[in-house]
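Residue-level structure breakdown
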Amino acid sequence: MATMKSVRTADVDKIEVVDVERPVPGPRVALVRIRACGICGTDAAFLHMGGLPAHGHLGGEIVPVALGHEPAGEVAELGAEVEGLAVGDRVVIDPTGHPSGLIGCGGTQGAMSEYLLIENAVAGQNVQVFPDNMPFAVAALNEPMAVARHAVNRSQATPDDKVVVFGAGPIGLGAAIWLKLRGVRHVVVADVIPSRLENALAVGADAVVNSAEEDITARLTELHGQAANALGHPCPGTDIYIDAAGAPAVLNTVIDNAKWHAKLVMVAVQKKGEIDLTGMLRSELTLIASQAYPTEIFEVTPELAAHQDRFAQLISHRVPFSDVTGAFELTLTPGAAEKVIVTLDDQP
């Protein structure tokens, strides 16, 4: 029996690298050799719990989770009935919609492995070829950038809109890039960490706000002009707010500052806290939830390749699989890293 190495949750905040059976492709299956895989905040959440409750029942036995849902690799073997793919193709993968469950999120497979089986492989549906000139590490951003792209699509931002993105992590910065590529003239990124704000300017944000040190109302009014809410009270002229931070303080800041008919797109996982829902009446604020990527997972792939130098700036660390434990420790250490990509060989 051929084996491969795969990463899964162990004790709380710990991973283990285990030897598992290497998958064998059937007639409609592609076997992908993983070359790079990103670490996501969802992975960290699984680590904090030590896994997932068995059968999805809260309070039940915690079972290990095979980790990794942001992969890029190359086709190693193909089943006889697979069309549109060839051995050696460089590919990204949709982790959803597999019979064995969500890849890296409770299904039987995780992409932080040497190989990954793509069930019912169909090019353009659950696997997509990307150009040879895009490094695997950048291609591994495909899944989180699809999340960011969906948030921007949900916003329906136009070139004339003035937009603020809260949170300068990978999703927030990805949203800022997509907004600028969409033609939005003025994009502000707000965060509390100076190095993150520097990154925001580097990827194309028009301005940044350190919300820990600056009066955000005054700063946004300076940048976006003055408008009013439904009661006629003065507010910044910001049209769209995107929450990629998830802190209750962000939502309340938006509610306090929203002009009449402003929009708030919520893409971050929200933390518990008090939210002033009554305050939304003062602006008739539209709250838009953004979940995953209903159509965007491969919509982003050619643009990711076309603007790869810009997106590459989101990667703070590239760590070899031989130090995958260190890669997860980086991710779990507050302020130590932004986007960690684990590389599984010497390929770029």
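Here goes a summary of the coordinates provided.

Cut-offs used in this document
Residues numbered from 1 in each chain as written. Predicted model: local features only at pLDDT ≥ 70, side-chain atom pairs only at ≥ 80, totals over all residues. Heavy atoms only, no water. Helix = DSSP H or I, 4+ residues; strand = E, 2+ residues; numbered from the N terminus. Rg over C-alpha atoms; globule rule 2.2 N^0.38 Å. Buried < 20%, exposed > 50% of the residue type's maximum accessible area, 1.4 Å probe, protein only. Contact = heavy atoms within 4.5 Å. Areas by Shrake-Rupley, 256 points an atom, 1.4 Å probe, with all protein chains shown as cover. Lys, Arg positive; Asp, Glu negative; His and termini not counted. Charge placed at Lys NZ, Arg CZ, Asp CG, Glu CD. Pairing = 2+ DSSP bridges. Axes fitted to C-alpha atoms, helices over the stretch in contact; angles between N-to-C directions. Salt bridge = Lys/Arg side-chain N within 4 Å of Asp/Glu carboxyl O.

Before going further, it helps to spend a moment on the overall build of the protein. Across its full length, the protein carries ten helices and 19 strands. Here the C-alpha atoms of the protein give a radius of gyration of 21 Å, agreeing with the 20 Å that 2.2 N^0.38 yields for 348 residues. Over its C-alpha atoms, taken along the principal directions, the protein stretches across nearly 70 × 45 × 30 Å. Counting only residues that meet the buried cut, the protein has 51% of its 348 residues in that class. Long-range pairs, those at least 24 residues apart, make up 65% of the contacts in the protein between residues at least 6 apart in sequence. In the form shown here, the protein has an accessible surface area of approximately 15100 Å², with 52% of it arising from carbon and sulfur atoms. The averaged location of the 42 negative side-chain charges in the protein is 4 Å from the averaged location of its 24 positive side-chain charges.

By the element assignment, threonine 221 lies in helix 6 (residues 216-224). Overall, threonine 221 belongs to the partly exposed group, its relative accessible area being 23%. Separated by 36 residues in sequence, threonine 221 and asparagine 257 have C-alpha atoms that sit 9.6 Å apart. Residues within four places of threonine 221 in sequence aside, it is in contact with Gln226, Cys235 and Pro236.

The six strands lie next to each other as 12-11-10-15-16-17, forming an open sheet whose pairing is parallel. Strand pairing shows two members of the sheet lacking a second neighbour, strand 12 (207-210) and strand 17 (286-289), which therefore form its edges. Taking the axes of each pair of neighbouring strands and ignoring which way they run, one obtains an average angle of 20 degrees across the sheet. By the bridge criterion, four bridges tie strand 11 (residues 186-191) to strand 12 in an arrangement that is parallel. Residue aspartate 191 lies in a different strand from strand 12, and its bridge partner there is asparagine 210. Helix-sheet contacts for helix 4 (residues 170-181) involve strand 10 (162-166), strand 11 and strand 15 (240-243), and the interaxial angle to strand 11 is about 175 degrees. Running over the sheet, helix 7 (residues 248-257) touches strand 10, strand 15 and strand 16 (263-266) and is turned about 170 degrees from strand 15.

Let us now look at the pattern of salt bridges. Scanning all chains against the criterion turns up 17 salt bridges. Here glutamate 70 ties to lysine 339 by a salt bridge, and the two come within 2.7 Å at their closest N and O atoms. With glutamate 70 in the loop between strand 5 (62-63) and strand 6 (71-78) and lysine 339 in the loop between helix 10 (324-332) and strand 19 (340-343), this pair connects stretches of sequence that are 269 residues apart. Glutamate 70 sits in the buried class, given a relative accessible area of 1%. The shortest N-O distance in the salt bridge between aspartate 160 and arginine 185 comes to 3.1 Å. Here aspartate 160 is found in the loop between helix 3 (142-155) and strand 10, whereas its partner arginine 185 is found in the loop between helix 4 and strand 11, with 25 residues between them in sequence. We classify aspartate 160 as exposed; its relative accessible area is 55%. The network of salt bridges with shared partners includes Arg149, Glu299 and Glu303.

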